[in-house]
Amino acid sequence: MLKKLNLKFVFVVTLLLVLSFTINSVQAVEITFWSGETEEQRQAVIREMVSDFEAENPDISVEIVPIHESNLPDQIMAAIPAQQLPDVIELGLEHVLLMSNFDLLDVDVATDILNNIGIDDYFSGPIDMTTLNGNHLAVPMHGWVQGIWYRQDWFDEAGLDAPETWDSIAEAAEYFYNPPESYGIVTGTKADHYARQSFNQFAFSNNAYLFDEDGNINFDSPEMLETVEFYKELVNFAPPGPQDHRDGRSLYMADQLAMVVYSSFFMGTLESGAPELIEHTGFAPRMVKESEAVYGQFQSLGVPVTSSDEEKEAAQKLIEFMLTGDNYIDYLHMAPAGMLPVRESVANNPDYRDHEILNLFGEQHDDILAALEVANAFGFEHGQIFPQIGDISAQFVIGTAFAEMIDQDLSPEEVVERIQNRMMDIVD
Amino acid sequence: MLKKIINLFEKEKYLGWFLIFPSMLIIAGLIFYPVLYNFYLSFHEVIIGIEMSYVFVGLSNYIDLLTDSGFWHSVYLTLVFTFSTTLISTIIGFFAALLLNNKFKGRFLVRGIVLFPYAAPVISLVFAWRYIFHPVFGQFNYLLTSVLGVIPEPIAWLEMPRYALIAVIVFNSWRMFPFAFLMLIARLQAIPQDHYDAAKVDGATFWQRLRYIILPQMMFVIATIFLLRGIWNIYKFGEIWLLTRHLNVLSVYAYRTAFSQFNQGMAATITTSMFLMLLGFIILYIKKVLKW
């Protein structure tokens, strides 16, 4: 009896071993994809796309890890010593440079992918901003433009001009500031990326640059000081305390805010949160003071050098799968008018353009696309790329100083001095 | 015969070592290795890259840290946070225990509800409290401005560094008082009824009973709660980080140094200093307060 049981036991164990070996040999490559899309609805679209990819490539399995862009620098820095970097990683421009500063991006894989998709089809902006010393650091995926979203109906009723110049912004912010019923404007003043991004557009519109042409930190220029003075003035017409885009979004949807600095994702957000406000909302992507400024960002996909050859090959397949054909259009339609195409053929593709939300934008969608072409950001100045912006942006220097400005009632001169010194410390 | 018995003892001794070996291995791997590795890192500059490299810098991390005003500010914040939350949560827990030690209908249900802040997942509580502290929509500001009229305008409690400490103390004291309650009610129930009866015969008031019967018997438990909460709160990170990014207690300071400033060596120096400070506090506390 015992012998029989023993034999059965040996048989079952052997079978399990053989089966597990077979399963392992079928699922040869497992890759990890750090996605920057943390919202549940967008995650659902990505998960479905990845399942389709896995069905087409049964030898590859993909683990998706959603990571918010504000947490990305911490996660990258924790993953390097732990040797846990993913095989595909979604990166904003500054994060591309942050990874590149540590020599972590595989430029050969990125170049291969760009050539396979067709590099000539790309708009020049996204390619230029992800290319350093002739090397393509990552594969641009989509872009977005930031601007001031405002209550068109309130502006019309008050007879105010659209918030496109410093004067019109200041006038409207003061006019609509009537707390606690309504506030004038929300712009970034917390220690996060949003603060740098929203301030960036004000700075460029005043010809204030973070670097001089030789790459030295130039935050203490008279133009930058003037911009901080204006920014502080605007903060007087914001709700109490430091603000971020979430605060702005909630207040706008609660009918309590006239203007919010927000990306082109705002329309999609309104559609799901307060669709009745869509027809009453205007968008000013360009800001004018000394010159016209558009702030834009490009999201890219990178492949770290730490992956094995098989993993890189699988990563390349996944990226090409997501960025071509209907998949790419489905990806962009996750946030219509928020995620803008970086390839000309897609921008003109009727399948892409025929979407309910995009139709709401009408001609303004073309205007936003055109704005994306001239968009810029700190660190991408004077026709050059300054990779130090990767380290600087990871430490939220600008947002931290604005939060301190509100908390400690700092003067604009003190804010500029703090930011200049902290940035110089980082660069040193 | 005697030799046989000795042999048996010897064998049992080896068996004992053999049996505790797996536990020792786990403890060594999970506790001693990280502590020692951290100690090792604190004497090095860690250069991050695909190939990590370590440059020995001697005591320079420690010298830089001790002359860094940001570090001392973090020490101050950590001590204020730890002491006040421990004190407040113990006091609330103590009075909750006194209240719920009385017999009344639905006592078990109320006891269960009291445990809610401690048992609920921290992330859901943080979301609720972020809303409560919100400068425009939050009930905390509404209470202080419109109902009580204590402050003229709403305050961004979690976003202003000078107020964030107060907000975090309020949250942590609320979240942790059930722990003190649980420990204290267990001890309270062990006090014999005779003591209360005898005090009643002597005509003792409620405060006299509290002063002469309850408190002396609870002192050891209260001191233990202080010790445990002290240890836990000095290292507290998750709750604080989730609630606000504007309170640089030591754990947050170490995290920022490691992952925002990319200075792993200095971060290890900060945590080693925390460890040494805490060790000193525990030894002193055990000898002087608990008198073990």
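Given the structure is predicted, the values throughout are model-derived calculations rather than measurements.

Asker: I'd like to hear about the interface of chain A and chain B, residue by residue, with values.
Answerer: Frequently, the measure chosen for interface size is the accessible area removed from exposure when the parts meet. Counting residues at the interface gives 31 residues for chain A and 23 residues for chain B. In total, about 2200 Å² of surface goes out of reach between chain A and chain B, with carbon and sulfur atoms giving 66% of it. For Asp407 of chain A, the salt bridge identified is with Arg162 of chain B, shortest N-O distance 3.0 Å. Taken together, the links from chain A to chain B amount to five residue pairs in polar contact (both at pLDDT 80 or more). At the level of secondary structure, the elements contributing two or more residues to the side of chain A that touches chain B comprise helix H3 (72-82), helix H11 (245-253), helix H19 (388-394) and helix H20 (397-408) of chain A. Across the side of chain A that touches chain B, the residue classes tally to 19 nonpolar, six polar and six charged.

Asker: Lay out the packing of helix H2 (residues 40-56) of chain A against helix H13 (residues 309-322) of chain A with the relevant residues and their values.
Answerer: Residue and element names in this part refer to chain A. Two elements in contact, H2 and H13, have axes whose closest approach is 11 Å; the angle formed by their N-to-C orientations is 125 degrees. Of the possible angle classes, the one that applies to H2 and H13 is oblique. H2 and H13 meet at a crossing whose hand is right-handed. Within the contact between the two elements, H2 uses Met49, Val50, Asp52, Phe53 and Glu56 and H13 uses Ala314, Lys317, Leu318, Phe321 and Met322. Among the residues making up the contact of H2 with H13, the classes are represented as seven nonpolar, no polar and three charged.

Asker: Can you tell me about the nonpolar core, naming the residues and giving the values?
Answerer: Of all hydrophobic cores here, the largest spans 180 residues; its most connected members are Ile76, Phe199, Phe219 and Met259 of chain A. Looking at this core, the element that brings in the most residues is strand E6 (residues 139-151) of chain A, giving seven residues. If we ignore the near neighbours within four places in the chain, the residues touching Phe219 of chain A are Phe199, Leu210, Met224, Val228, Ile398, Val416, Ile419, Gln420 and Met423 of chain A. Formed by 28 residues, the second largest nonpolar core is a distinct cluster that contains Leu184, Ile222, Leu227 and Leu290 of chain B.

Asker: Lay out a negative patch on the surface with the relevant residues and their values.
Answerer: All names here are of chain A. Side chains of Glu48, Asp52, Glu56, Asp326, Asp330, Asp351 and Asp354 sit close together on the surface and give a patch of like negative charge. It is H2 that contributes the most residues to the negative patch, three residues altogether. Of the residues examined, Glu56 reaches a relative accessible area of 58% and is grouped as exposed.

Asker: Which residues make up the packing of aromatic side chains, and what are the values?
Answerer: Pairs of aromatic rings are described using the distance from one ring centre to the other and the angle between the two planes. Overall, the coordinates contain 46 aromatic pairs over all chains when judged by the stated rule. With 4.4 Å between their ring centres and 5 degrees between their planes, Trp166 of chain A and Phe230 of chain A make a pair best called stacked. A residue pair is termed long-range when its members are at least 10 positions apart, and Trp166 of chain A in helix H8 (residues 166-176) and Phe230 of chain A in helix H10 (residues 222-235) qualify at 64 residues. On the basis of relative accessible area, Phe230 of chain A is assigned to the buried category, the value being 7%. Members of the aromatic cluster, joined through ring pairs, are Trp166, Phe199, Phe202, Phe204, Tyr209, Phe219, Phe230, Tyr231, Phe378 and Phe402 of chain A. Cation over ring: Lys289 of chain A sits above Trp166 of chain A, and NZ or CZ is 4.9 Å from the ring centre. When the ring centre of Phe108 of chain B is taken as origin, the NZ or CZ atom of Arg107 of chain B, which lies over that ring, is 5.7 Å away.

Asker: Would you mind going over the pattern of salt bridges in detail, with residue names and values included?
Answerer: Residue and element names in this part refer to chain A. With the rule as written, the count across this model stands at 23 salt bridges over all chains. Between Glu226 and Lys289 there is a salt bridge, with its nearest N and O atoms 3.5 Å apart. Residue Glu226 is found in helix H10, and its partner Lys289 is found in the loop between strand E10 (287-288) and strand E11 (292-293); the two are separated by 63 residues along the sequence. Classification of Glu226 as partly exposed rests on a relative accessible area of 33%.

Asker: Quick rundown of the domain arrangement of chain B? Include the residues and the values.
Answerer: All names here are of chain B. Domains assigned within chain B are domain 1 (2-41) and domain 2 (61-290). In this structure, domain 1 and domain 2 have C-alpha centres spaced 37 Å apart. Domain 1 puts four residues into the contact, and the matching count from domain 2 is seven residues. Both faces considered, domain 1 and domain 2 share a buried interface measuring about 410 Å² in area, 57% of it formed by carbon and sulfur atoms.

Asker: Quick one: what's the story with the environment of Ala254 of chain B, residue by residue and with numbers?
Answerer: All names here are of chain B. Mapped onto the elements of the fold, Ala254 is located in helix H12 (residues 250-259). The buried category is assigned to Ala254, whose relative accessible area is 7%. Taking the C-alpha atoms as reference points, Ala254 and Ser74, separated by 180 residues in sequence, lie 9.7 Å from one another. When residues no more than four places from it in sequence are discounted, the contact partners of Ala254 are Ala267, Ile270 and Thr271.

Asker: Let's hear about the pairing of strand E9 (residues 281-284) of chain A: which residues, and what values?
Answerer: Residue and element names in this part refer to chain A. The side-chain alternation of E9 yields two buried faces, one formed by Thr281 and Phe283 and the other by Gly282 and Ala284. As paired elements, E6 and E9 share four bridges and run antiparallel to each other. Within E9, the position partnered with Ile148 by the bridge is Ala284.

Asker: Mind laying out the side chain of Ser307 of chain A, listing which residues take part and the relevant values?
Answerer: Residue and element names in this part refer to chain A. Relative to the elements of secondary structure, Ser307 occurs in the loop between strand E12 (295-302) and H13. The class for Ser307 is buried, based on a relative accessible area of 7%. When residues no more than four places from it in sequence are discounted, the contact partners of Ser307 are Pro86, Asp87 and Lys312.

The rules behind each value
- Residues numbered from 1 in each chain as written.
- Chains lettered and ligands numbered in written order.
- Predicted model: local features only at pLDDT ≥ 70, side-chain atom pairs only at ≥ 80, totals over all residues.
- Heavy atoms only, no water.
- Contact = heavy atoms within 4.5 Å.
- Buried area = accessible area lost by both parts, 1.4 Å probe.
- Salt bridge = Lys/Arg side-chain N within 4 Å of Asp/Glu carboxyl O.
- Polar contact = N/O pair within 3.5 Å; in protein donor to acceptor, adjacent residues only side chain to side chain.
- Helix = DSSP H or I, 4+ residues; strand = E, 2+ residues; numbered from the N terminus.
- Nonpolar A, V, L, I, M, F, W, Y, C, P; charged D, E, K, R; others polar.
- Axes fitted to C-alpha atoms, helices over the stretch in contact; angles between N-to-C directions.
- Parallel < 35°, antiparallel > 145°, perpendicular 65-115°, else oblique.
- Left-handed = near helix turned anticlockwise from the far one by under 90°.
- Core = buried A, V, L, I, M, F, W, Y, C linked by side-chain atoms within 4.5 Å.
- Buried < 20%, exposed > 50% of the residue type's maximum accessible area, 1.4 Å probe, protein only.
- Patch = residues over 30% accessible without salt bridge, like charges linked within 9 Å, V, L, I, M, F, W, Y side chains within 5 Å.
- Areas by Shrake-Rupley, 256 points an atom, 1.4 Å probe, with all protein chains shown as cover.
- Lys, Arg positive; Asp, Glu negative; His and termini not counted.
- Charge placed at Lys NZ, Arg CZ, Asp CG, Glu CD.
- Phe/Tyr/Trp six-rings, centres within 6.5 Å; stacked < 30°, edge-to-face > 60°.
- Lys NZ or Arg CZ within 6 Å of the ring centre and 35° of its normal.
- Domains from an automatic or database assignment.
- Pairing = 2+ DSSP bridges.

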